[in-house]
Amino acid sequence: MATITLKLNNKSHTIDADPKMPLLWAIRDLVGLTGTKYGCGIAQCGACTVHLEGKPVRSCSIPVSVAANKNVTTIEGLSSDNSDVVQRAWILEQVPQCGYCQSGQIMAASALLKSKPNPSDTDIDMAMQGHICRCGTYPRIRKAIKRAAQLMTQK
Amino acid sequence: METADKSLSRRNFIKITGLTGTAFTLGIGFSASGKDMTVVRAVTAETTNVEVNAWISIDTQGKVTIINHRSEMGQGSFQSVPQMIAEELEVSLDQINIVFAPGNGRRYGSQVTGGSSTIRGSYQKLLRLGASARHMLVDTAAKRWGVKASDCYAENGEVIHRASGKKLNYGELVTETAQLEPPKEVALKNPQDYKIIRKPLPRQDTPIKVNGKAIFGLDFKLPGMLYAVVERSPRFQGKVVKFDDAETRKVPGVKFVLKVNRDEFDNMREGVAVVATNTWAAIQGRKLLKVDWDDRAFPHHNSDELYAKMRELVKGDPISFRTMGNTAKTFAKAEKKIEATYETPYESHSCMEPLNCVANVTDEKIEVWGPIQGPDWIQQNISGHFKLPPEKVHVNMTFLGGGFGRKAFTDYPYEAVMISKEIKAPVQVVWTREDDMTIGPFRPGMVYQCKGVVTEGGRIGSFETKISGQNMDLQNPGADKSAYNSSDTEGFLEGYFNSIPHYSFGDSPLDSPVPVMWWRSVYASTNAFAFESFLDELAVMAEKDPLDFRRQHLGERYQLLIDKLEAVSNWKAHKKNEGLPADASAKVGYGVAITECFSSIVGEVVKVSKDAIGKVKIDKVWAVMDCGWYVNPDIIKAQIEGSIIMALGAATKHETTFKDGKAVERNFDSYKMPRIQDTPEIEVHIMDNEEKAGGVGEPALPPFTPALTNAIFDLTGKRIRKLPFSLDAIA
């Protein structure tokens, strides 16, 4: 066990954790932020995606010690009032069904749009192919990413 | 007994909704005879024997609260139920607050969200409930103004006097209205006048599903709650001989290790639970646990043994379900006839939210929270097993991260309750992805043997299907294994039974220790592959266009759907060489399938082509849904898109196989899912008619796979009769 400082959504949390505990479980069980989801535990489904220093990572496969003192952004940190452009696009395109995978999908889309503000279909495939949606919202995810790109140009 | 429960139910309604007694509350339900639908006031409900199963309430601010008695697992009941109430009540959607109903079979009727039944089972009731409340509010306003009710109307949460333009907000009317008796009869709106129903209004649960605020089962926490993972027998029915937890207990955070049971179709399955202060510690502790299983009492099958058995079984005489004429004799005498066998795999539900459940057992009551499709079943199950009256068993639904049939099952809440009772603390049982994918129950694998005859005139002379696979109803102890399976025809168009002179459907159930359960669209999800592939084979034999071949057997409702499907997919223009077997050298293939289940009919056309390197790809899917009366076209569209993509996975990506009695595929690295880049363009159309409401969440799944394989036949001349297959492997 070790005392670790997590910087989640610009807020510091001091936790006592096994340094090998995946960041996912530290965020969910120790800090208590539950927007980041457990889906597979082996970096296959993308439900647990958060940003680590701005880059999308699978929090289920990163030890909490690696994230210590670094900036971690979860879905809750994107915006809590849905003012973020990706969240707005997700609402406009009515993407979620069950909604469980969408935190991860949105975090991946948000990272994609930061590096490619006007992504092509291939860019979208590349960025999103690690994310499973069992409800099959893929057509709407694609539309929503394009809608978000449009919204960004209107700012 | 009834009265006590009703009075409790109203109190609970008030408690759940936070409403005070001053609100105007109406319920609707069926009288004891079960025949007459009755609208009742809250006070009356306590003294009559009406089984109230839906409530609405309006408070003095005009805020409307309704209880959603079905779970929300993505299919949109959270949106469609308020949309129905808002229409007849004449309020806007943002005036409605919706809350989940706790499990109570006596109060809400069946709450099991399955069979695509939320709308079709309740829409007439909900419309009437809204309309009754509106009429009563108008009466109150008219009385206060001293005018005729017929001179007033309701709009946007207000009653308006037509001549003077005077207005009263619903909130100002509720106290008096609560004293009125509901009308015996009430006229419902004409669908042409709908303002909210049939509109693609955005879902109210979307905002909280894009910012992490929606609480799924796995997100639910109680103060002092511990986390458990359970080691269960990898061979399904094994019993715990002994376990060694010495290493497990050394893991920081591990608090308890104990033997537990899980109620699987009234059979007690065994496991060992590791309970810790966080999920990760419980998972780590379980890795170090050593369990000796006794699994000698049942066979340890491999998949090939299961399928070999099924292939034998379909050769024998089935338990007959539905027959007409004499298929055996007709087949024996016929000249134009074919026979084909189709096989479909076992599948995991693999909801994105793995199974989980929170339980808190105290001296007074048992309380359960989780992603639950069947709260009333769970209440009944827990009440029976733990010997507590049902009102002391509270079952609460969170949002479900997918359900697809798996979360209608009572095993996982039972296990959580047992652990909480033993350790005397609130606990969340978490199933890892590997648990979720290997413990089951699964969609059963099936084998279909079809025999068919084509007449001189190019019609179906005889259609016979013998089915083998595990019957989901035969798993409880004492189940009647000689009973027929009424789902043997699920997916087949009802219209064919009026026009095919000889038909027979029956099944020979497979006995296996593998637990099986409904998977989205249930038997139709596999039946349709056999039926609609075989119809395509018969059409080829009859040298007829697959749409025309179907059309000649079907009545008007089906014909309208076929016409629509033909038009939107531009079928005629693309079907070169009409009436001839497919041209194997063509670059584009079209396939169709039309199925019927849960009272809806869906036709799908799939277009496939070969890319530059000769690889087959799916270019586009057209779907036409006839679900009769409907609420929200955008939710229907979403459900159809999702159904098609889920079918695509089961057709071309994943299956559960068994080796030495254990499920082989344990996570998404081997159970491959369709991804965004695999998804074709999907175009959806909905039929507008006056038919009764049918299901929406499931009926679009069954036709996709046969439409796809029929298209591949059209393109390549190769008939795919076994699922799953890889698109990459088709040359």
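Predicted, not measured: the structure shown is a model, and the values here were computed from it.

J.: Got a minute to help me understand the overall build of chain A in this structure?
T.: If you tally the helices and strands in chain A, you get seven helices and five strands. Traced from its N-terminal end to its C-terminal end, chain A shows the element sequence β-β-α-β-β-α-β-α-α-α-α-α. For chain A, whose C-alpha radius of gyration is 15 Å, the value lies close to the compact-globule estimate of 15 Å for 155 residues. Each of the three principal axes of chain A carries a C-alpha extent, and together these read 45 × 30 × 25 Å. A total of 155 residues make up chain A; the buried ones form 59% of that total. Sequence-distant contacts, at least 24 apart, represent 55% of the contacts inside chain A between residues at least 6 apart. Looking at chain A, you have 18 positive and 11 negative side-chain charges, and the mean spots of the two groups are 4 Å apart.

J.: Could you clarify how one ought to interpret the state of the cysteines in this entry?
T.: By definition, a disulfide links the sulfur atoms of two cysteine residues through a covalent bond. For the structure shown, the criterion picks out zero disulfides over all chains. With no disulfide partner, Cys98 of chain A has as its closest neighbouring cysteine sulfur the one in Cys135 of chain A, 3.7 Å distant. Look at Cys98 of chain A and you get buried, because its relative accessible area is 4%. We note that Cys597 of chain B lacks a disulfide partner, and the nearest cysteine sulfur, in Cys627 of chain B, lies 12 Å from it.

J.: Would you mind showing me how to read unusual backbone geometry here?
T.: Negative phi characterises most residues that are not glycine, and trans characterises most peptide bonds. All names here are of chain B. The linkage connecting Gly440 with the following residue, Pro441, adopts the cis geometry, with an omega of 0 degrees. Along the chain, Pro441 turns up in the loop between α13 (433-438) and β20 (446-454). Pro724 follows Leu723 through a cis peptide bond whose omega is -10 degrees. Within the secondary structure, Pro724 is located in the segment after α19 (704-716). Positive phi outside glycine occurs at Phe404, with the angle close to 60 degrees. Within the element layout of this structure, Phe404 appears in the loop between β18 (393-397) and α12 (411-423). Positive phi, normally seen in glycine, also occurs at Ser521, with a value near 75 degrees. If you trace the backbone, Ser521 turns up in the loop between β22 (502-509) and α14 (524-541). For Ser521, a relative accessible area of 0% corresponds to the buried category.

J.: Quick question: what am I supposed to make of empty space enclosed by the protein here?
T.: Rolled over the atoms, a probe with the dimensions of a water molecule shows which regions are left empty. Residues and elements named next belong to chain B. What the rule picks out here adds up to eight cavities of 30 Å³ or more. Around the second largest cavity, the lining residues are Arg443, Trp519, Ser525, Met646, Ala647, Ala650, Ala651, Leu701, Thr705 and Leu723. Looking at the lining of the second largest cavity, the element that brings in the most residues is helix α18 (residues 633-652), giving four residues. For the lining of the second largest cavity, the residue count by class is seven nonpolar, two polar and one charged.

J.: I tried to follow the layout of surface pockets on my own but got confused; where do I start?
T.: All names here are of chain B. Computed from the structure, the second largest pocket encloses a volume of approximately 560 Å³. Lining the second largest pocket are 24 residues, with Arg286, Thr432, Glu434, Asp435 and Arg666 positioned closest to its centre. When residues of the lining of the second largest pocket are traced back to their parent elements, those giving at least two are β9 (226-232), α8 (279-287), α13 and β27 (662-663). If you tally residues by element for the lining of the second largest pocket, the top one is α8, at four residues. Of the residues belonging to the lining of the second largest pocket, the class tally is 13 nonpolar, three polar and eight charged.

J.: Would you mind showing me how to read the packing of α18 of chain B against α19 of chain B here?
T.: Residues and elements named next belong to chain B. Remark: α18 packs on α19, axes separated minimally by 9 Å, with the N-to-C direction vectors making an angle of 60 degrees. Here α19 runs oblique to α18, going by the angle between their axes. Crossing angle aside, the handedness with which α18 passes α19 is right-handed. Residue-level contacts link Ile644, Ala647, Leu648, Ala651 and Thr652 of α18 to Phe704, Thr705 and Leu708 of α19. Partitioned by chemical class, the residues of the contact of α18 with α19 number six nonpolar, two polar and no charged.

J.: Just checking my understanding: could you explain the side chain of Asp626 of chain B for this structure?
T.: Residues and elements named next belong to chain B. Relative to the helices and strands, Asp626 is located in strand β25 (residues 616-626). The class for Asp626 is buried, based on a relative accessible area of 1%. Within the structure, the side chain of Asp626 is placed 3.1 Å from the backbone nitrogen of Gly628, a separation counted as a polar contact. Looking at Asp626, its side chain comes within polar contact range of the side chain of Asn689, at 3.0 Å.

J.: How should the pattern of salt bridges be read in this particular structure?
T.: Note that side chains of opposite charge can pair when their charged atoms are close. Inspection of the entire model under this criterion finds 57 salt bridges over all chains. The closest approach of N and O atoms between Asp123 of chain A and Lys116 of chain A, which form a salt bridge, is 3.4 Å. Across the salt bridge formed by Glu87 of chain B and Lys189 of chain B, the nearest N and O atoms sit 2.6 Å from each other. With a gap of 102 residues between them, Glu87 of chain B in helix α3 (residues 77-89) and Lys189 of chain B in the loop between α6 (174-177) and α7 (206-209) connect regions that are remote in the sequence. Each member of the pair Glu87 of chain B and Lys189 of chain B is classed as buried. Each of the salt bridges in this network shares a partner with another, and the network as a whole consists of Glu231, Arg232, Arg286, Glu415 and Asp435 of chain B.

J.: Can you walk me through helix α1 (residues 23-31) of chain A in this structure?
T.: Counting along an α-helix, one turn takes 3.6 residues, and residues three or four places apart therefore face a common direction. Most of α1 of chain A sits out of view: seven of its nine residues are buried. Listing the buried residues of α1 of chain A in full gives Leu23, Leu24, Trp25, Ala26, Ile27, Arg28 and Asp29 of chain A.

J.: Looking at this structure, how should I read the interface of chain B and chain A?
T.: Between chain B and chain A, the residue contacts involve 57 residues of the former and 53 residues of the latter. The contact between chain B and chain A buries some 4,600 Å² in all, and 58% of this surface belongs to carbon and sulfur atoms. When the buried surface of chain B facing chain A is broken down by residue, Trp280, Met352 and Ile676 of chain B rank first, second and third, together holding 18% of it. The partner of Asp219 of chain B in a salt bridge is Lys37 of chain A, with the nearest N and O atoms 2.4 Å apart. Taken together, the links from chain B to chain A amount to 32 residue pairs in polar contact (both at pLDDT 80 or more). Only α7, α8, α13 and α18 of chain B provide two or more residues apiece to the side of chain B that touches chain A. A total of eight residues in the side of chain B that touches chain A trace back to one element, the largest contributor, which is α18 of chain B. Taken together, the residues of the side of chain B that touches chain A break down into 26 nonpolar, 18 polar and 13 charged.

Rules used throughout
- Residues numbered from 1 in each chain as written.
- Chains lettered and ligands numbered in written order.
- Predicted model: local features only at pLDDT ≥ 70, side-chain atom pairs only at ≥ 80, totals over all residues.
- Heavy atoms only, no water.
- Helix = DSSP H or I, 4+ residues; strand = E, 2+ residues; numbered from the N terminus.
- Rg over C-alpha atoms; globule rule 2.2 N^0.38 Å.
- Buried < 20%, exposed > 50% of the residue type's maximum accessible area, 1.4 Å probe, protein only.
- Contact = heavy atoms within 4.5 Å.
- Lys, Arg positive; Asp, Glu negative; His and termini not counted.
- Charge placed at Lys NZ, Arg CZ, Asp CG, Glu CD.
- Disulfide = S-S within 2.5 Å.
- 1 Å grid on protein atoms, 1.4 Å probe; cavity = no way out; pocket = protein on both sides within 12 Å on 5 of 7 lines; lining within 4 Å.
- Points joined across faces, edges and corners; volume = space filled by probe spheres on them.
- Nonpolar A, V, L, I, M, F, W, Y, C, P; charged D, E, K, R; others polar.
- Axes fitted to C-alpha atoms, helices over the stretch in contact; angles between N-to-C directions.
- Parallel < 35°, antiparallel > 145°, perpendicular 65-115°, else oblique.
- Left-handed = near helix turned anticlockwise from the far one by under 90°.
- Polar contact = N/O pair within 3.5 Å; in protein donor to acceptor, adjacent residues only side chain to side chain.
- Salt bridge = Lys/Arg side-chain N within 4 Å of Asp/Glu carboxyl O.
- Buried area = accessible area lost by both parts, 1.4 Å probe.

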